[in-house]
Each structure stands twice: as C-alpha cells, then as structure tokens.
Amino acid sequence: MSTSLRNNEHVVLAAAAGCLLLAGTSLAFYWVPNAPVEGFRQRIFYFHVPIALTAYACFGCAAWKAYRLLWTRERRYDLESYTAVHMGVIFGILTLVTGSIWARTSWGHWWVWGSRQLVLFLVLFLFYAAYFMLRYSVEPGPRRANMSAVYTLFGVALIPISFLAIRLAEDLVHPVVFTHDVQNRLTGSQLLTFLVCLAGMLALAGSLYANELTGKRLDARLRELREALQ
Amino acid sequence: MITARRLGRDFGLKRVLRDVDFEVPHGGFLLVTGPNGSGKSTLLSLCAGLLAPTAGELAVEADRGEIGYLAHEPLVYRELTALENLDLYGRLYRVPERRERIGMLLERFGLWEARRERVASLSRGTAQRLALCRALLHDPRLLLLDEPYSGLDHAGARLLDDELDSLVGERTFVVATHAPQRVEALATAALSLA
Amino acid sequence: MTYLGDVFALARKDLLLELRSRDTVPAMLLFVVSTLVVFHFALPSDASATAETGLLWVALLFTALLGLVRAFVAEREERVLDGLVLAPCDRSAIWLGKVIGVVAFLVAAEVVALPAYALFFRPVGWELVAAVALADLGLAAVGTLLAAMAAAGRARELLLPVLFLPLVIPIVVGGVGASATDDPGRYLAFLGLYDAVFAILSWASFEYVVTE
C-alpha cells in the first residue's frame, strides 16, 4: 500500500475531481444559458442533483461492500463500507443544504415537506446517522462489522420503500407538491454542464473516499505495529 | 480435532490472546491455565465458535451440535425451571429420547428434587450443576469447560470427577481452570496463557 | 419440520416467561392508555380525523418500542443468547420465535388500546384493525432484529429508538393512510409490501447479527 506521491493513482483522481469541478462550476455559472422559467436560481440544479446522485452512489457502494463482507467475511470490507457510508452522509448533508437553498430561492421556504427528494434525504440522513451511533455503541470487532453491514443493507432496501411511502403520504397530508420546473428534456448545453458536474462530484467522492480509507488503514496498521512491539 | 496456529483475538484495542498455538487430537484433554485476564474464557469461546479469531487460524472439526460448552454463566433462563430449561435445549439440540435423558442427567447430578424450581432460586452450586447438565445433554463429542468446578460443593465436585473419568478418552476436552490439580491426571496436554 | 418445532419451542418459552414475570405486557398496556390520554390534552378540540388517527399510530409505535427494548433482556442476562446461538438449530428460528412473541405482546396491548381509542376519540373501522395487524408484523420483524443489534452494544435503551424510528416511518404512512383516507386498499397493500421486504431481509440477516 504505497503512500508515496508519485505512484499514487489517488492523486490522479483528486486532480481529475478538481478539474472537473472547476470546469463544471464555470459552465454552470457562466456558460449555460438561464433556464426559461426559473432563471438564474435554477443553476443550483447543477450542484444539487449531482450531489444527490453521488450520495446515492455512495450508499450503493457501501451496500455492495457490506454484502461482500457478509459473503466473504474479509475484514477489509468493513472499513470500506464504513467509509462509503461516511461519504454518503457528507454528500447527503450537502444535498439537504443545497436542496434547502433551492427551496428557499424557488418557493420562499427553507424547508418544504412537499419536496419528495428533500424528505427522502432527510429520512436517509436519520437512518445513516443512526449507523454511526450503532458503530459507536458496539465494540470494534467482527460482530460490529457484521451488524454494520446488515444495517447498511437495510438502508438500501429503505430507499425505494421510503420513496413510495413519501409519495403515498402526499395524498394523506395534502401538501402542495413542490417540483422544480425541470423540463423533461435537458438541452445540449444543460446536459453537458450537468454531466460535467456529475462526473466532478463522483470524482470528488471517490477521491475523498480513497483519502479517508488510506488514512484509516494507516491508523490500523500503526496500531498493529504498536501492538506487535509490546 | 482442534488446531490453532498463531491464534489471536482483540477486543477493540485490547489484545487478549496473542500467538497461541496448540493441537488437540481426538480423545485428547487440553488443560488451559493462566492468571485472571489471560484469555482462558476467550479461548474457549473461540473454540466454541462464539467468537471469531482476529488473527491466526483456528480449525475445529466438530459441528455445532457436537460441542458442549460450559461458560462462567450457566446460560440458562433464570425465570424458567431447571426442567424447562433442559427441555428447551433438548429440543434445540434434537436430543433423542429427550425426557429420559434429561431425567437421567438430573438424577446423576442430584437435581431431581429441584427440577421444578426456578433457576433464580437455585444456589450457585446447584445452578452450576444444571449448567453441566445442559452442556452434557446432547452427549457432545467435544467438551469445552470454563472453570467447571467453580461454585461446586464437595459432593458436586465428586459427581463431576466421576463424569469426567467416565468420558475421558472417548471425548475430547478443553478445560480451563484456576485449580488444575483436580484434572491434571486426566490431561494429555497443557497450555499456559501468560 | 424441526425448524418450525424450534420456532414454536422458542416462542412458547417467551410467552411462558412473560406469563411468569408479567412485566412487559402490563407496562405496554398502561403506557398506551396513558399516552392516549396525554394526546387528548395535546390535541385542539377541533382536531381532524387524520390528526387523531396519526396520534394513535404514534402511540402504537412507542408502545412497540417499549416492548422491544425488553425483547432480548432475558437472553442478555446470563448470556443465554450464546447458548441458543450455539445450538444446531437455524439462528433465524431464534428471530422468528421472538417475532411471534413480540406480535403476541403487541396484539395484547392493542386489544386494550383500540377500544380505548374508540372510547376516547372516534370509532375504529375494519381498515384500522387490518392496518394495525399488518403493521404489527412489520414492527415486530424489524424491531426484533434491531433489538438484537442494540442488545450487543452499550446504551441499548437509547440506541434502539434511534435505529428503529427511521425504519418504521413507512409503517406510519401506511397505517394512517389506511385508516384515514378513502382508499385503504392501496395503503394496506403498501404495508404488506413493507412487511414482505423487511421480514425477508430480517429473517435472512439475523444470523449475521448474532454471530461473528
């Protein structure tokens, strides 16, 4: 596990993330024309949706690692799954923040129960925040790894079920359903900007993930060495 | 039957077992000694399959139904009677002729009169005898006993001596104890955890 | 067949223990009725049907939590759970046996809670009863698994609610929807879907929660 700068493919990923995000931000603010209905405020779409999709990707990755842990019982998957959940929660918080900003600029409120995406992310955020409480409360070891993995898999099942529940709840609670006026088809420039931002966010998540994972692995290695020396 | 190579187990940051090597053949009797906190109970839990090693390897050639495990705690429900506890375990372990076997064990360990009493109202020594019945109920091939004599009075200890004498050689044993004198004669190997 | 035999032996054991000690169900009964009374004082006099129904579901949810916190207490004492896990039976049988017990406790609490609700607030229709029945299965399935997780950690009475609540939000939606709208079928079907998905998931993953 090399940590030297020259051999590290993680540096390439970080550099790519930086470039893509820089490009994406520039495109989103300067190049893409204003959206017909919403105008300038709509540009936050180019951040909010890629961040949301990246959060989903992180949770999905975490669930995959969790499944691998339970299937192969290899311990390294525990750390990988945990780090992926951590990334997912970070991007989840960002989703809530950008979503809230967008709601404020579009409809005047910092929070709207009528926005399905926002409510879904709130539920997921609570769920995965509880994940950390679970990990904190159980002693490190194979048992904690197993339980974390099972919980992560439950999260993935919760995503579609929660979404269905939120949709069903709309008829109950009768809020005005807030959807952003995103046209069904994005124009060429909009699509390009969106994709560049999406790629940038995914690269950012990947880069942060690799960074944190390496850091945690180093910690673990250090602990092992210290133990061996005693 | 049991092979351990560089076996280790951590609990969080605390390393309880480190680099333990031993082999127990079929019919062998491994005596495990060591001071408090040296990991004797952890070793037995590992052999039983309750814990997984965090370092090294451990191979146990026995299925779950062939292992009899005696821990510090009696592993019985406090609010159920002795009979009810053994009946439940008897079902779960698919013990053939369950009633007869339970009756026989209760008699052998002098628990027949107390069989309908709640475990919570039993004395420590009586509960320990019940725990022994539970461990022996399904006639296991491999017996993992953690301080089997603790809490037993003189009579109880004699009963256990007799039981061990009758089973030694045909069954495989791993016994952890503070007071090895009682079982030293039966042991084919010894492991001292520092 | 021995699988079901194991399950029933374990469920019988839980019911027997509760019959002897009688600590969980009476507490749940008292708790749910007290909660309903508290809700009367918390609601304005012109509260809608949906609001009252919603609060019933909140009461049921927290009553379930009360019961679930105690679900593995007997197994934690004396490390009995280790004894059960060591047995050659399928570990999921432990889960299923426990779920049957939890559902029984919930039903016992609801036998009192629903009439009390009808007395204090508004009549109870068949849709509400059906929704409660389906919800019990989901709450028990998910709750038992989470209770086993929480039991392995510190601060388990605090941990279980935190783990439980986000997961059962869909049950509240389904339950309130079935009892307070014109189209209960949709919501009952949704509850059924929730039950199926999470029961299968819990059944399959219980093994991993109690072993290493």
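Located above this text is the structure these notes cover.
Bear in mind that the values here come from a model prediction, so they are computed numbers and not experimental data. (Residues numbered from 1 in each chain as written. Chains lettered and ligands numbered in written order. Predicted model: local features only at pLDDT ≥ 70, side-chain atom pairs only at ≥ 80, totals over all residues.)

Participant: Sorry, what's going on with the interface of chain A and chain C here?
Facilitator: Think of interface size as the accessible area that goes away when the parts come together; that is how it is often given. Facing 26 residues of chain A, the contacting portion of chain C comprises 29 residues. Put simply, the parts of the chain that give the side of chain A that touches chain C at least two residues each are α4 (116-137) and α5 (142-173) of chain A. A per-element tally of the side of chain A that touches chain C places α5 of chain A first, with 17 residues. In the side of chain A that touches chain C, the residues fall into 21 nonpolar, three polar and two charged. (Contact = placed C-beta atoms within 7 Å. Helix = DSSP H or I, 4+ residues; strand = E, 2+ residues; numbered from the N terminus. Nonpolar A, V, L, I, M, F, W, Y, C, P; charged D, E, K, R; others polar.)

Participant: Just checking my understanding: could you explain helix α3 (residues 76-107) of chain A for this structure?
Facilitator: Since the α-helix advances by 3.6 residues per turn, residues separated by three or four positions end up pointing in the same direction. The end-to-end C-alpha distance of α3 of chain A, which contains 32 residues, comes to 46 Å, matching closely the 46 Å that a straight helix rising 1.5 Å per residue would cover. Of the residues trailing α3 of chain A, glycine 108 of chain A is marked for its positive phi of about 90 degrees. (Expected span 1.5 Å × (residues − 1).)

Participant: How should I be thinking about the packing of helix α2 (residues 45-72) of chain A against helix α6 (residues 188-229) of chain A in this particular structure?
Facilitator: Pairs of packed helices are described in terms of their axes, by the angle between the two and the distance that separates them. All names here are of chain A. Between α2 and α6, the shortest axis-to-axis distance is 9 Å and the interhelical angle comes to 40 degrees. Our classification of the angle between α2 and α6 gives oblique. In terms of crossing hand, the pair formed by α2 and α6 is right-handed. Packed against α2, whose contacting residues are Tyr46, Phe47, Pro50, Ile51, Leu53, Thr54, Ala57 and Cys58, the element α6 presents Thr193, Phe194, Cys197, Leu198, Met201, Leu202 and Ala205 at the interface. A per-class count over the contact of α2 with α6 returns 13 nonpolar, two polar and no charged. (Axes fitted to C-alpha atoms, helices over the stretch in contact; angles between N-to-C directions. Parallel < 35°, antiparallel > 145°, perpendicular 65-115°, else oblique. Left-handed = near helix turned anticlockwise from the far one by under 90°.)

Participant: Please clarify how unusual backbone geometry should be interpreted in this entry.
Facilitator: Working note: non-glycine residues mostly have negative phi, and peptide bonds are mostly trans. Of note, arginine 73 of chain A is a non-glycine position whose phi angle comes to about 60 degrees, a positive value. Residue arginine 22 of chain C is not a glycine yet carries a positive backbone phi of 50 degrees. Along the chain, arginine 22 of chain C falls in the loop between α1 (2-21) and α2 (24-42). We classify arginine 22 of chain C as exposed; it has 10 C-beta atoms within 10 Å. (Buried ≥ 20, exposed ≤ 12 C-beta atoms within 10 Å, placed from the backbone.)

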